[in-house]
Amino acid sequence: MEKRLLNSPQQTDENNDSVIAEMFLNHALIEFRREVLRKEIDLSLQERNKEAFLKLSEELKKIS
């Protein structure tokens, strides 16, 4: 049975990898949501839907 210390380099590397992967995924999800919101805002402008435009614009501001 192999003994490992709690603060062993291997565990730190695994934790760092998990944090980096989570940050990357969060960034990708935010960028995807921004793109979807921009398309929905464009559509609301084409449809002259002021209510949708204001709501979507506010949501975009919050995540930007």
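Up top is the structure.
The structure contained in this document is the topic of the report that follows.

Quick notes on the rules
Residues numbered from 1 in each chain as written. Predicted model: local features only at pLDDT ≥ 70, side-chain atom pairs only at ≥ 80, totals over all residues. Heavy atoms only, no water. Helix = DSSP H or I, 4+ residues; strand = E, 2+ residues; numbered from the N terminus. Buried < 20%, exposed > 50% of the residue type's maximum accessible area, 1.4 Å probe, protein only. Areas by Shrake-Rupley, 256 points an atom, 1.4 Å probe, with all protein chains shown as cover. Contact = heavy atoms within 4.5 Å. Salt bridge = Lys/Arg side-chain N within 4 Å of Asp/Glu carboxyl O.

1. A look at the overall build of the chain
Looking only at helices and strands, the chain features two helices and zero strands. Buried residues in the chain amount to 12% of all 64 residues. For the chain, the accessible area works out to roughly 6000 Å², and carbon and sulfur atoms hold 57% of it.

2. Digging into the side chain of Ser44
Residue position: Ser44 is located in helix α1 (residues 9–46). A relative accessible area of 4% means that Ser44 is categorised as buried. Discounting chain neighbours no more than four positions away, the residues touching Ser44 are Asn49, Ala52, Phe53 and Leu56.

3. Some points on unusual backbone geometry
Of note in the backbone geometry, Arg48 takes a positive phi value of approximately 55° without being a glycine. Within the fold, Arg48 resides in the loop between α1 and α2 (50–63).

4. Details of the pattern of salt bridges
Under the criterion given, the structure shown has three salt bridges. For Glu31, the salt bridge is made with Arg34, and the minimal N-O distance between the two is 2.4 Å. Taken together, the positions of Glu31 and Arg34, both in helix α1 and three residues apart, correspond to about one turn of that helix. The exposure class of Arg34 is buried, given its relative accessible area of 16%. We note a salt bridge from Arg33 to Glu59, for which the minimum N-O separation is 2.7 Å. With Arg33 in helix α1 and Glu59 in helix α2, this residue pair connects regions lying 26 residues apart in the sequence.

Purely spatial values, then, with no claim about function.
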